[in-house]
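The primary structure of each chain is shown beneath.
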Amino acid sequence: MTNLNRTNKIIVIIGPTATNKTKLAISLAKNLNGEIINADAFQVYREVNVGVNKPTHEELQQAKFHLVDCISIVDKWNIKKFQTEANKIIKSIYARECLPIIVGGSHLYIDALINNYDLDNNEERNSQFDNLSVDELLIKLQAYDPKQAQKIGKNHRRLVRTLQIFSQGGQMHKRKNDVYQAMYIFCNKPRVQLQQDINARVDLMLLNGWIQEVKNIIKKFPDFRQYNASKAIGYQEIITHIQNQKSPLDINKIKQRTRQYAKRQLTWIRHHYPNYYEYNQNNFEVILDHIKKFLQKV
């Protein structure tokens, strides 16, 4: 991996939830002297683990990870902080003559990093959206881009993130020059298999102590529901279940929300990433060969 600092090459692993993105990232890191940068909006928090499908302890030992377990749920984290921290980390990775590998399902975070969105005033923009309802956010986003509003739907967190970018100049504002030469790897599965795997993973998370995790968090942070980390899929339902034992946990709702999230991720990929290599869970050597050729280009 020579001349990485000069060429600014970077590998980006995209795809919906439950498509083994982390597993692929680890395999690539081992083969390409790579380091992994997490681009999931919730895996940065130390206190949430089971429900955000954070890399396991064993996986974290197999490759060098960044931006996992790096802040508390009481700390602020947003797209601007991710962009700033990720750029610093990438610079340090290049200095070690290693290859940065970005992996995660928060595709807007990835876009902001790779396409160098101008987020200099992002902190000031945060407050104007945080307390608005979904319907109010949709109305604001529709004024900027009706198609984008339709794609996102009633997802409060993504609406806020997108408005943070659109609110400056009324468009996704990029700086003039892209910083990195990125190669995109799309982790995919057949639709039926993906849905089955999502359902099975929710069941496994519950077996692995998801409810107890939330109980522990609430004990330490009674107002956990107010923190951004609680907005990860399933946490609000579990909080309600814990605080009102007469209310059974709606597992099917969590599964449905997760499947809907995966569908939105796929829609985002189709509209934002015209050029990618598809990893179908069985073609690792083909993907590795494509990456090596990409890295050899001047």
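How each quantity is defined
- Residues numbered from 1 in each chain as written.
- Predicted model: local features only at pLDDT ≥ 70, side-chain atom pairs only at ≥ 80, totals over all residues.
- Heavy atoms only, no water.
- Axes fitted to C-alpha atoms, helices over the stretch in contact; angles between N-to-C directions.
- Helix = DSSP H or I, 4+ residues; strand = E, 2+ residues; numbered from the N terminus.
- Left-handed = near helix turned anticlockwise from the far one by under 90°.
- Contact = heavy atoms within 4.5 Å.
- Nonpolar A, V, L, I, M, F, W, Y, C, P; charged D, E, K, R; others polar.
- Salt bridge = Lys/Arg side-chain N within 4 Å of Asp/Glu carboxyl O.
- Buried < 20%, exposed > 50% of the residue type's maximum accessible area, 1.4 Å probe, protein only.
- Pairing = 2+ DSSP bridges.
- 1 Å grid on protein atoms, 1.4 Å probe; cavity = no way out; pocket = protein on both sides within 12 Å on 5 of 7 lines; lining within 4 Å.
- Points joined across faces, edges and corners; volume = space filled by probe spheres on them.
- Parallel < 35°, antiparallel > 145°, perpendicular 65-115°, else oblique.
- Expected span 1.5 Å × (residues − 1).
- Polar contact = N/O pair within 3.5 Å; in protein donor to acceptor, adjacent residues only side chain to side chain.

Another point: the packing of helix 7 (residues 134-144) against helix 9 (residues 156-166). Interaxial distance between helix 7 and helix 9 falls to 10 Å at its minimum, and their mutual angle equals 35°. Here helix 7 and helix 9 pass one another in a crossing that is left-handed. Two secondary-structure elements touch here, helix 7 through Val134, Leu137, Leu138, Lys140, Leu141 and Tyr144 and helix 9 through His156, Leu159, Val160, Thr162, Leu163 and Phe166. Its residues placed into classes, the contact of helix 7 with helix 9 shows 9 nonpolar, 2 polar and 1 charged.

For the rest of this paragraph, the subject is the pattern of salt bridges. In total, this model carries 7 salt bridges according to the counting rule given. Put simply, aspartate 289 and lysine 293 hold a salt bridge, and the shortest N to O gap is 3.3 Å. In this pair, aspartate 289 and lysine 293 both sit in helix 14 (residues 284-296), 4 residues apart, roughly one turn of the helix. On the basis of relative accessibility, which here comes to 47%, the residue lysine 293 falls in the partly exposed class.

A few words on the pairing of strand 1 (residues 9-14). Burial runs high along strand 1: 6 of the 6 residues are buried. Of the two faces of strand 1, the one holding Lys9, Ile11 and Ile13 and the one holding Ile10, Val12 and Ile14 are both buried throughout. Summarising the sheet, strand 1 and strand 5 (residues 181-187) pair through 6 bridges and their orientation is parallel. When the sheet's bridge partners are listed, isoleucine 11 is paired in strand 5 with methionine 183. Of the strand pairs in this sheet, strand 1 and strand 4 (residues 99-103) are connected by 3 bridges, and their pairing is parallel. Its bridge partner being in strand 4, isoleucine 13 is matched across the sheet by valine 103.

One pass over the structure, following the stated rule, counts 2 cavities of 30 Å³ or more. Reported here for the largest cavity is a volume of approximately 90 Å³. Forming the walls of the largest cavity are Gly105, Ser106, His107, Leu108, Arg157, Arg158, Arg161, Tyr261, Arg264, Gln265 and Trp268. Of all the elements in the fold, those that place two or more residues in the lining of the largest cavity are helix 5 (107-114), helix 9 and helix 13 (251-272).

Before going further, it helps to spend a moment on the packing of helix 2 (residues 21-32) against helix 14. Helix packing for two helices is described by the angle between their axes and how far apart those axes are. Between helix 2 and helix 14, the least distance of the axes is 11 Å, while the angle of their chain directions is 50°. Comparing their axes, helix 14 and helix 2 come out oblique. Like other packed secondary-structure pairs, helix 2 and helix 14 cross with a definite hand, here right-handed. Facing Leu24, Ser27, Leu28, Asn31 and Leu32 of helix 2, the residues of helix 14 in contact are Phe284, Leu288, Ile291, Lys292 and Leu295. For the contact of helix 2 with helix 14, a count of residues per class yields 7 nonpolar, 2 polar and 1 charged.

Taking 1.5 Å per residue as the helical rise, helix 4 (residues 79-95) with its 17 residues ought to reach 24 Å, and the 24 Å between its terminal C-alpha atoms agrees with that figure. Where helix 4 is concerned, the buried positions are Ile79, Lys80, Phe82, Gln83, Ala86, Ile89, Ile90, Ile93 and Tyr94. Here helix 4 starts with a cap whose side-chain oxygen sits 3.1 Å from the backbone nitrogen of lysine 80, and that cap is asparagine 78. Note on helix 4: the residue one or two positions beyond its end, glutamate 97, has a positive phi of about 60°.

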